[in-house]
Amino acid sequence: MRERTLLAGQVEGVQRLEADVRDTLDLVELAEMEGDDAVLKDAVQMLRALAEEAKRRETESLLSGEADSNDCYLEVNAGAGGTEAQDWAEMLLRMYTRWAEQHGYKVALMESSEGEQAGLKSATIQVTGPNAYGWLKTEAGVHRLVRISPFDAAARRQTSFASVWVYPVVDDSIEIEINEADLKVDTFRASGAGGQHVNKTESAIRITHIPTGIIVACQTDRSQHRNRATAMTMLKARMYEQELQRREAAAAQTEAAKTDIGWGHQIRSYVLAPYQLVKDLRTSVERGNPDAVLDGDLDDFMAAALAARVGATRSEASASAQ
């Protein structure tokens, strides 16, 4: 039923787009006949808006992966470099939160580990909405920042790295068997602003899946039992994402990009000094306005990476068939 609803929404959206284009073209023809420049100008603007929507729907048609329609978890980890990298990790988390909010997605903080002086060592959010995983999976990898350090009294230029990991939320229809003997469960005090409960009881949960080395944590609830249930859901999602990667032809390239949070592994560079530029090293897409990008304007990068990913998958499938 979920798949049917999704497909019905896509068909209805295209049909509505076609009807709007026909109506707008009729309006253009009428305005030209009557010589009404104001109406003609409005109609042209409407056509441009419809062209943008058509472009977006064309990109969405590429979201045909097994879990592309699912919600997702997005995890950010600071690389080596102390406060600089931790501040960069917090900037990335804000960037994805802004992108999600601009597209009508809901964002919930699942876990965070604050840096010693500023920023975050790591954090995990859940992004809820149509095709959340399909869009955000293209952002998995190492992100590089070049800027004049706000933490350096000498105002020297610094390079920082942080990694992003994205995996889909799985529901009860996807069965994943986990042996309890393979789990190491740790409890710890939740980090936060304090209060009557926070930081006073060990309600936060960290689960390590020993065979795979996957680690998940949750501290969103005051109940240790509910945090454990959420952490188990996150663990299943991580294991499911691993299986999806094995099936995808482009998985090897994705994993290679995430092997090390440092030089030679970044997927995108954000340069704030000495010039202003954001460049995706996979697709060569560039933007000269890093402030807008860091405020969540990521659609061009995601669309290009998604198209390249789908193209690589089809090419490899064709080569295998031959």
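Residues numbered from 1 in each chain as written. Predicted model: local features only at pLDDT ≥ 70, side-chain atom pairs only at ≥ 80, totals over all residues. Heavy atoms only, no water.

Enquirer: Explain the side chain of His209 to me, please; I cannot follow it from the model alone.
Expert: As for its placement among the helices and strands, His209 is situated in strand S7 (residues 204-209). Those residues in contact with His209 that sit more than four places away from it in its chain are Ile178, Asp182, Leu183, Ile214, Leu235 and Met239. (Helix = DSSP H or I, 4+ residues; strand = E, 2+ residues; numbered from the N terminus. Contact = heavy atoms within 4.5 Å.)

Enquirer: I keep staring at helix H3 (residues 83-102) and nothing clicks. Help me out?
Expert: An α-helical turn contains 3.6 residues, so any two residues separated by three or four positions project in the same direction. Between its first and last C-alpha, H3 extends 29 Å over 20 residues, near the 28 Å set by a 1.5 Å rise per residue. Within two residues after H3, Gly104 carries a phi angle of roughly 80 degrees, on the positive side. (Expected span 1.5 Å × (residues − 1).)

Enquirer: Please explain the packing of aromatic side chains as it appears in this structure.
Expert: Following the criterion strictly, the structure yields three aromatic pairs and no others. Judged by centre distance (5.4 Å) and plane angle (45 degrees), the ring pair of Tyr73 and Tyr167 falls under tilted. Taken together, the residues Tyr73 in strand S1 (residues 72-78) and Tyr167 in strand S5 (residues 157-168) connect sequence positions 94 residues apart. Residue Tyr73 is classed as buried on the basis of its relative accessible area, which comes to 2%. Between Trp99 and Tyr105 the ring centres are 5.5 Å apart and the planes differ by 35 degrees, which places this aromatic pair in the tilted class. (Phe/Tyr/Trp six-rings, centres within 6.5 Å; stacked < 30°, edge-to-face > 60°. Buried < 20%, exposed > 50% of the residue type's maximum accessible area, 1.4 Å probe, protein only.)

Enquirer: Explain the sheet that holds strand S6 (residues 183-188) to me, please; I cannot follow it from the model alone.
Expert: Whenever strands of a sheet pair, they do so through backbone hydrogen bonds, lying parallel or antiparallel. Reading across from one edge, S6-S7-S8 is the order of the three strands in this open sheet, with antiparallel pairing throughout. Both outer strands of the open sheet, S6 and strand S8 (214-218), are each paired with one neighbouring strand and no more. Neighbour-to-neighbour, the strand axes of this sheet turn through a mean angle of 15 degrees, independent of strand direction. Note: S7 against S8, five bridges, orientation antiparallel. (Pairing = 2+ DSSP bridges. Axes fitted to C-alpha atoms, helices over the stretch in contact; angles between N-to-C directions.)

Enquirer: Got a minute to help me understand the sheet that holds strand S11 (residues 286-287) in this structure?
Expert: Read from one edge of the open sheet, eight strands run S2-S3-S1-S5-S4-S9-S10-S11, paired in mixed fashion. Since the sheet does not close on itself, it has two edges, and those belong to strand S2 (106-114) and S11, each with one partner. Pairing of S1 with S5 involves seven bridges; the strand directions are antiparallel. Bridge pairing in S5 links Asn77 to Ser163. Here H3 sits on the sheet in contact with S1, S2, strand S3 (120-128), strand S4 (141-148), S5 and strand S9 (266-271), set at roughly 45 degrees to S5.

Enquirer: Explain the nonpolar core to me, please; I cannot follow it from the model alone.
Expert: Soluble globular proteins tend to pack their nonpolar side chains together in the buried interior. If you look at the biggest cluster of nonpolar residues, it comprises 58 residues, and the most contacted ones within it are Leu92, Leu136, Leu235 and Tyr270. Both domains that meet at this core, namely domain 2 (72-172 + 262-320) and domain 3 (180-251), each give it at least three residues. When neighbours within four sequence positions are excluded, Leu92 is seen to be in contact with Val76, His143, Ala162, Val164 and Tyr270. (Core = buried A, V, L, I, M, F, W, Y, C linked by side-chain atoms within 4.5 Å. Domains from an automatic or database assignment.)

Enquirer: What am I meant to see in the environment of Lys279 here?
Expert: Inspection of the secondary structure assignment puts Lys279 in strand S10 (residues 277-280). Residue Lys279 is classed as partly exposed on the basis of its relative accessible area of 29%. Taking the C-alpha atoms as reference, Lys279 lies 5.4 Å from Ser269; in sequence the two are 10 residues apart. Sequence-distant contacts of Lys279, that is, excluding residues within four places in its chain, are made with Ile267, Arg268, Ser269, Ser284, Val285 and Glu286.

Enquirer: Looking at this structure, I do not really get the pairing of S10. What am I missing?
Expert: Here is the key point about a regular strand: its side chains alternate between the two faces of the sheet. Residues Val278 and Asp280 of S10 are buried on one face, while the alternating residues Leu277 and Lys279, pointing to the opposite face, are not. Counting the residues that bridge the hairpin from S9 to S10 gives five residues. Two successive antiparallel strands, S10 and S11, enclose a turn made up of five residues, where Ser284 displays a positive phi of approximately 65 degrees.

Enquirer: Looking at this structure, how should I read helix H2 (residues 37-60)?
Expert: Between the first and last C-alpha of H2 there are 35 Å, a value that for 24 residues agrees with the 34 Å anticipated at 1.5 Å per step. Its side-chain oxygen at 3.3 Å from the backbone nitrogen of Ala38, Asp36 defines the N-terminal cap of H2. (Polar contact = N/O pair within 3.5 Å; in protein donor to acceptor, adjacent residues only side chain to side chain.)

Enquirer: Can you walk me through unusual backbone geometry in this structure?
Expert: For residues other than glycine, phi is negative in most cases, and the peptide bonds are mostly trans. Pro274 follows Ala273 through a cis peptide bond whose omega is 10 degrees. Secondary-structure assignment places Pro274 in the loop between S9 and S10. The phi dihedral of Asn131 falls on the positive side, at around 60 degrees, and the residue is not glycine. Take Asn131: it is sitting in the loop between S3 and helix H4 (132-136). Although it is not a glycine, Ser284 adopts a positive phi angle of roughly 65 degrees.

Enquirer: Explanation requested: the pattern of salt bridges in the structure shown.
Expert: Between side chains of opposite charge, a pair can form when the charged atoms approach closely. Counted under the stated rule, the structure contains 17 salt bridges. Here Arg57 ties to Glu53 by a salt bridge, and the two come within 3.4 Å at their closest N and O atoms. Here Glu53 and Arg57 lie together in helix H2, a separation of four residues that amounts to about one turn. By relative accessible area, Arg57 is classed as buried at 17%. Notably, a salt bridge pairs Arg268 with Asp280, separated by 3.1 Å at the nearest N-O pair. Placement of the pair is Arg268 in strand S9 and Asp280 in strand S10, with a sequence separation of 12 residues. A residue is classified by how much of its surface remains accessible, and Asp280, at 0% relative accessible area, is buried. (Salt bridge = Lys/Arg side-chain N within 4 Å of Asp/Glu carboxyl O.)

In short, the description is geometric, and any link to function would need to be established separately.
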